[in-house]
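# Descriptive structure summary
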There are 2 protein chains.
Amino acid sequence: MRAIISSYVAIEAHQITLLLFFFSLCLLHSINIVEATVHHLKWEIKYEYRSPDCFKKLGITINGLSPGPTITATQGDTLVVQITNSLITENTAIHWHGIRQRGTPWSDGSQGITQCPIQPGETFIYRFVVDRAGTYIYHAHYGMQRSAGLHGLIRVLVPEGTKEPYSYDEDRSIILNDWWHKSTMEQSTGLLSLNFGWVGEPQSLLINGRGRYNCSLAGTSDVCNMTNPECSPSVLTMVSGKTYLFRIASVTSLSALNLEIEGHNMTIVESDSHYVNPVTVKNLNIYSGETYSVIVKANQDPSRNYWIALNVVSRKPATPTGTAILNYYPNHPLNPPPTSPPLGPLWNDTLYRFNQSKSIKSHPNYIETPPRTSDRLILLLNTQNKINGYTRWSVNNVSFIFPTTPYLIAIKDKLRQVFSQTPAPDTYDYKNYDIYSVSENPNAMLGDSIHRLEFNSTVDIILQNANTLSNNTSETHPWHLHGHDFWVLGYGLGKFDPRFDLKSYNLVDPIQKNTVAVYPYGWTALRLRSDNPGVWAFHCHLEAHFFIGMGIVLEEGVEKLGKLPKAIMGCGQSKSLGGS
Amino acid sequence: MRAIISSYVAIEAHQITLLLFFFSLCLLHSINIVEATVHHLKWEIKYEYRSPDCFKKLGITINGLSPGPTITATQGDTLVVQITNSLITENTAIHWHGIRQRGTPWSDGSQGITQCPIQPGETFIYRFVVDRAGTYIYHAHYGMQRSAGLHGLIRVLVPEGTKEPYSYDEDRSIILNDWWHKSTMEQSTGLLSLNFGWVGEPQSLLINGRGRYNCSLAGTSDVCNMTNPECSPSVLTMVSGKTYLFRIASVTSLSALNLEIEGHNMTIVESDSHYVNPVTVKNLNIYSGETYSVIVKANQDPSRNYWIALNVVSRKPATPTGTAILNYYPNHPLNPPPTSPPLGPLWNDTLYRFNQSKSIKSHPNYIETPPRTSDRLILLLNTQNKINGYTRWSVNNVSFIFPTTPYLIAIKDKLRQVFSQTPAPDTYDYKNYDIYSVSENPNAMLGDSIHRLEFNSTVDIILQNANTLSNNTSETHPWHLHGHDFWVLGYGLGKFDPRFDLKSYNLVDPIQKNTVAVYPYGWTALRLRSDNPGVWAFHCHLEAHFFIGMGIVLEEGVEKLGKLPKAIMGCGQSKSLGGS
């Protein structure tokens, strides 16, 4: 009702229009029994000194916080987030990860794709509807700013009266991250240098923005202080006998993680805001960009606390286990558990992780059946390459670079010179390519070409992993798609061959996701409907991988959009105001 | 001739216009016997790891260099500098310090005043005429990026056949800087924090981009290496018996410097590109933003080398003497002199520095007499203040902040809401203000108001220094004016009183400058003609001082300008391209 009243106050002149508007809203209101709220948030983004793992360095905060404030809304609500950029000389943009932005593609927050960056001193307003309950992430989508701490959680609750397919007494939020002591500017400069500087393994793992670095390794004492309250461990409190929903999100820049709650099983009930046919696990593998909700019962010895343990998997760990405390009330929250934190599964047990991914299927009562067939097959080979001596990631031998004018503006305003009009390649030489060897990729090149999709068509995308530039090495890449959920039709190890593997698709109860893992030397098959007019990034969610080219861009139905908001303009070809 | 021929090739259609143009150029050509050249430069700006004082940190380079390339041109030439910003997430802008930009105020490079910042990935072209011979500087004019190493020299030679009022065999360039190991982002975050973090004294002084930090102080050994060739000392070679013109510029962020060439006098012949009635000194005080040319004779024992020594003055030094080697050919360039480097004058001998400034007057053959009277007197009190708990510098109790849309665009396009339309204050309560005490300045505030000048009028500006927030402390501030040279009519110690001190003005042979020192508890009086349509910054050239408010903005004759170039747009209110 708040929205209706404020509209009433604002519009005085056009009374007839107003009355019609008012009545139609009331009508809507009485039919749906839904009270959609507009949440107005004002955020200031700036650099501040922070010590999340006891080591003091510059981080990016929102209203003084990193992670930023957790947003809570109800399905159908509108979020209006007014961002003021106080980063001094750096631009920014914020992506609302998992929100499909139906009708508001300019609010997706992908710099270079859906908007120009927000410049220092400017205020930009993101306005969009959260149209499906679940757990979402927001984070910077510009350079490597997500790594600087610019991220947070969105909890979207089901409307009152709507039942979820599980029950719990309370929910808790857990945001997971990896953390470096070098600045993101130092990291990104290294990645773009001819003398390639890899970011290396993180110094710490953070749970709800808190970790613990061994300050004796820090050299000078003035930058690291283990008694700093900023790095006292994160605590999640439970009451014995109660049931909890843990909403878990990973915003890591690099690390694949395994989360284990000492002595407590977790039942996975939701993944990327879609209900899962419940799966009970001892520990949860979670990739950057994924969200999971798990049910945890407070059914252990209530006289002590337990470890929540976070371990690196997939890459050989060089980072200590991240820990938080699961506190049984009324024990003191900081009472350390009498045990050692769990060390998680073997980091290189790919099959363990592969099988956990495969076990995630749609809840039987919430299956949205995918179309039986697709109109187009896009086969994407992920490779690491050298291009003119620079280390890059490529997709079908194209290493993605951004145009200076965002695609959304360029396509809508027909600025053909902004990016290559040659379509990005839909396939690679899958018959002959050896995914198990270091490839010379002699034809790899930088490129800004994109995949334009026929509107309202069904598209299959196969992500294929291969060997990196090092012998006997292939990595796990979590790929994230903007503007859509896709069906996960299958995972495989080895090379996907469309002549045979199409038949293995799960068309019965596939889960829908927006971020999905592709395993070493493996493939993952997705299906999506191109029904959301806009331009959408699809990329590896590892910050350092997308930053050096591991992504593509999809376009659909931009011609159906109305006039674009002026606020997204200002860069490249979109400057103006009477200039000559 | 090159410019004429290329015009001929470019214009084919309008042949009559072309012919007229061609003939008029030829006419001009034959009258002036001047061959104006257009210099096309292509620069890429990016972060790179550098060790200018042996300590490895990120710096901003131009085509891989910091200091950037030295530009050499002849009076009357046009510089066309195409800047590509590869700073990843940071914008930039480059100011051509000392170039008056007559007819091209949009090429002054002051972000927020004459242009929107150049965004990452964009290319921006500065185009302007160097209309007076001398030594100039270029440097970043955005945030504190100058401190990151983005600066260099411009040598503008007299036209062939024109005599200078001094003779020499060769010239040498010397650019002086101070250098910190913290990043500029760390420095600027400290300055903007409620818990004020001052930048402190620099770790090193650099001569031509080279200094020497004592790596044993650096803690970890991997960031500091005293055998790194990047920090081997700068060498200036002379041949015994010859005479040299040393072109000296200071781009320091904080330090006032004293330069001494062991055993050699210097004769000051030029200051800020104006000929000086020659003054011979043992050592030269030089403030940030100033340039001097001095004559040095190679008249000492040629069997050894000599120190060029750089010492901090005005602030209590906590930085080792910066050194370079004056090499007498054919001694080995790196043979250390058998002596200790000179330590310069006492750092707190204000009168010594004050008197050297007062001794700089126009060369008698090149006096441009100032107007006898002025139309307006602007009296500017410089104070350090607390505003809402933040430490700031203010001018007449206004601490400068930038609007989001540059003034030039806002004024030309009549966007009145962009900045305060109330004029900035022209005076302060000089009768009652006690410049010797810490002031409470209860009325100080942040502000973006400006001084609008009547076009073609004569304006006097008095800069008045006072006590800082610390007892018995007042600092030296070098103030730099864009778009103009001003006459320096007088320097004083104590409080300027317009009732008496106007009579002390030197109206006979004042030097013209663009940057001038104001001494502790002292004043400096300037006169200028508002004859250059544009919007011009006037500010303390210490990076950390202007950054927290120590500057004002002057406007004159913007209504006389034609359409502004689209390239300077894109920020604040100047976004567009069919947006709604």
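Here the structure is a predicted model, which is why all the values come from computation and not from measurement.

Scanning chain A from N- to C-terminus turns up 6 helices and 32 strands. By the compact-globule yardstick of 25 Å for 580 residues, chain A fits well, its C-alpha radius of gyration being 24 Å. Based on the C-alpha atoms only, the size of chain A along its principal axes is roughly 65 × 65 × 55 Å. Across the 580 residues that make up chain A, the buried fraction comes to 61%. Within chain A, residue pairs in contact and separated by at least 24 positions form 79% of the contacts whose partners lie at least 6 positions apart.

Turning to the side chain of B:R100, a few remarks are in order. Residue and element names in this part refer to chain B. Looking at the element boundaries, R100 is found in the loop between β5 (94-97) and β6 (123-129). For R100, a relative accessible area of 17% translates into the label buried. With sequence-adjacent residues up to four places away left out, R100 is seen in contact with D131, R132, G483, H484, D485, N532 and W536.

It is worth spelling out the relation of the copies chain A and chain B at this point. Of the transformation placing chain A onto chain B, the axial shift is 0.0 Å and the rotation is 180 degrees, giving an RMSD of 0.0 Å. The operation mapping one copy onto its partner corresponds to a two-fold rotation axis. A symmetric contact is evident, with 100% of the interface residues of chain A recurring at the interface of chain B.

So, on to the domain arrangement of chain A. Residue and element names in this part refer to chain A. Each domain of chain A was delimited in the assignment, giving domain 1 (39-359) and domain 2 (376-576). Taking only C-alpha atoms, the centre of domain 1 and the centre of domain 2 are 25 Å apart. Tallying the contact residues gives 57 residues for domain 1 and 57 residues for domain 2. When domain 1 packs against domain 2, the two sides together hide about 4,600 Å² of surface, and 63% of this comes from carbon and sulfur. Ranking the residues of domain 1 by area buried against domain 2 places W106, I113 and C116 at the top, with a combined share of 15%. The tally of links between domain 1 and domain 2 comes to 7 salt bridges. Close ionic contact of R146 with E543 constitutes a salt bridge, the shortest N to O distance being 3.2 Å. Linking domain 1 with domain 2 are 36 residue pairs in polar contact (both at pLDDT 80 or more), by the criterion used here.

What follows covers the interface of chain A and chain B. Interface size is commonly expressed as the accessible area that is lost once the parts come together. The interface of chain A with chain B comprises 45 residues on the first partner and 45 residues on the second. Carbon and sulfur atoms make up 58% of the surface buried where chain A meets chain B, a total of about 3,900 Å² over both sides. At the junction of chain A with chain B, the criterion picks out 2 salt bridges. The interface formed by chain A and chain B includes 15 residue pairs in polar contact (both at pLDDT 80 or more).

Residues and elements named next belong to chain A. Spatial strand order, β10-β9-β12-β17-β14-β15: 6 strands in an open sheet with mixed pairing. In the strand order of this sheet, the two ends are held by β10 (204-207) and β15 (274-281), each with one partner. Averaged over all pairs of adjacent strands, the angle between strand axes in this sheet comes to 25 degrees, irrespective of strand direction. Pairing between strand β14 (residues 266-271) and strand β17 (residues 291-297): 4 bridges, direction antiparallel. Paired with E270 across the bridge in β17 is S293.

Right, let's get into the pairing of strand β26 (residues 477-481) of chain B. Residues and elements named next belong to chain B. Of all 5 residues that make up β26, 5 are buried, and the element is covered over most of its length. In the sheet, β26 pairs with strand β31 (residues 534-540) via 3 bridges, with the strands oriented antiparallel. When the sheet's bridge partners are listed, L481 is paired in β31 with F538.

The next point concerns the environment of A:P202. Residue and element names in this part refer to chain A. Mapped onto the secondary structure, P202 falls in the loop between α3 (184-191) and β10. The class of P202 is buried, set by a relative accessible area of 2%. Along the backbone, P202 and V235 are 33 residues apart, and their C-alpha atoms lie at a distance of 22 Å. Leave out the neighbours within four places in its chain, and P202 touches D178, W179, W180, S255, A318 and T319.

Right, let's talk about the sheet that holds strand β15 (residues 274-281) of chain B for a bit. Across a sheet, paired strands are connected by hydrogen bonds in the backbone, their directions being either parallel or antiparallel. All names here are of chain B. Read across the open sheet, the 6 strands follow the order β10-β9-β12-β17-β14-β15; overall the sheet is mixed. Each edge of the open sheet carries a strand with a single partner, namely β10 (204-207) and β15. Neighbouring strand axes in the sheet, compared pairwise and without regard to direction, differ in orientation by 25 degrees on average. Strand direction decides the pairing type here: strand β12 (residues 243-250) and strand β17 (residues 291-297), joined by 7 bridges, are antiparallel. Within β17, the residue paired with R247 across the bridge is S293.

To continue, consider unusual backbone geometry. Residues and elements named next belong to chain A. Residue P67 follows S66 across a cis peptide bond; omega there is -5 degrees. By secondary structure assignment, the location of P67 is in the loop between β2 (57-62) and β3 (71-74). Positive phi outside glycine occurs at Q101, with the angle close to 60 degrees. Tracing the chain through its elements places Q101 in the loop between β5 (94-97) and β6 (123-129). Overall, Q101 belongs to the buried group, its relative accessible area being 1%. In this structure, K414 takes a positive phi of about 55 degrees despite not being glycine. With respect to the helices, strands and loops of the structure, K414 is situated in the loop between α5 (407-412) and β23 (445-447). Residue classification places K414 among the exposed positions, given a relative accessible area of 67%.

Let us now look at the packing of aromatic side chains. Applying the stated rule across the entire model yields 54 aromatic pairs over all chains. Relative to A:Y519, the ring of A:F354 has its centre 5.6 Å away and its plane inclined at 80 degrees; by these criteria the two rings are edge-to-face. Remark: A:Y519 occurs in the loop between β29 (515-518) and β30 (522-529) and A:F354 occurs in helix α4 (residues 350-358); sequence separation between them is 165 residues. Like A:F354, the residue A:Y519 is buried in the burial classification. Centroid distance B:W43 to B:Y138: 4.7 Å. Interplanar angle 45 degrees. Geometry classified as tilted. Residue B:W43 is located in strand β1 (residues 38-50), and its partner B:Y138 is located in strand β7 (residues 134-140); the two are separated by 95 residues in the primary sequence. The exposure classification of B:W43 matches that of B:Y138, with both residues buried. Taken together, the ring pairs connect A:W43, A:W96, A:F124, A:Y126, A:F128 and A:Y138 into an aromatic cluster. Directly above the aromatic system of A:Y49 lies the positively charged group of A:K56, at a separation of 4.9 Å from the ring centroid. The positively charged end of B:K57 is found above the aromatic ring belonging to B:W179, 4.7 Å away from the centroid.

Criteria and cut-off values
Residues numbered from 1 in each chain as written. Chains lettered and ligands numbered in written order. Predicted model: local features only at pLDDT ≥ 70, side-chain atom pairs only at ≥ 80, totals over all residues. Heavy atoms only, no water. Helix = DSSP H or I, 4+ residues; strand = E, 2+ residues; numbered from the N terminus. Rg over C-alpha atoms; globule rule 2.2 N^0.38 Å. Buried < 20%, exposed > 50% of the residue type's maximum accessible area, 1.4 Å probe, protein only. Contact = heavy atoms within 4.5 Å. Least-squares fit on C-alpha atoms with pLDDT ≥ 70 in both. Domains from an automatic or database assignment. Buried area = accessible area lost by both parts, 1.4 Å probe. Salt bridge = Lys/Arg side-chain N within 4 Å of Asp/Glu carboxyl O. Polar contact = N/O pair within 3.5 Å; in protein donor to acceptor, adjacent residues only side chain to side chain. Pairing = 2+ DSSP bridges. Axes fitted to C-alpha atoms, helices over the stretch in contact; angles between N-to-C directions. Phe/Tyr/Trp six-rings, centres within 6.5 Å; stacked < 30°, edge-to-face > 60°. Lys NZ or Arg CZ within 6 Å of the ring centre and 35° of its normal.

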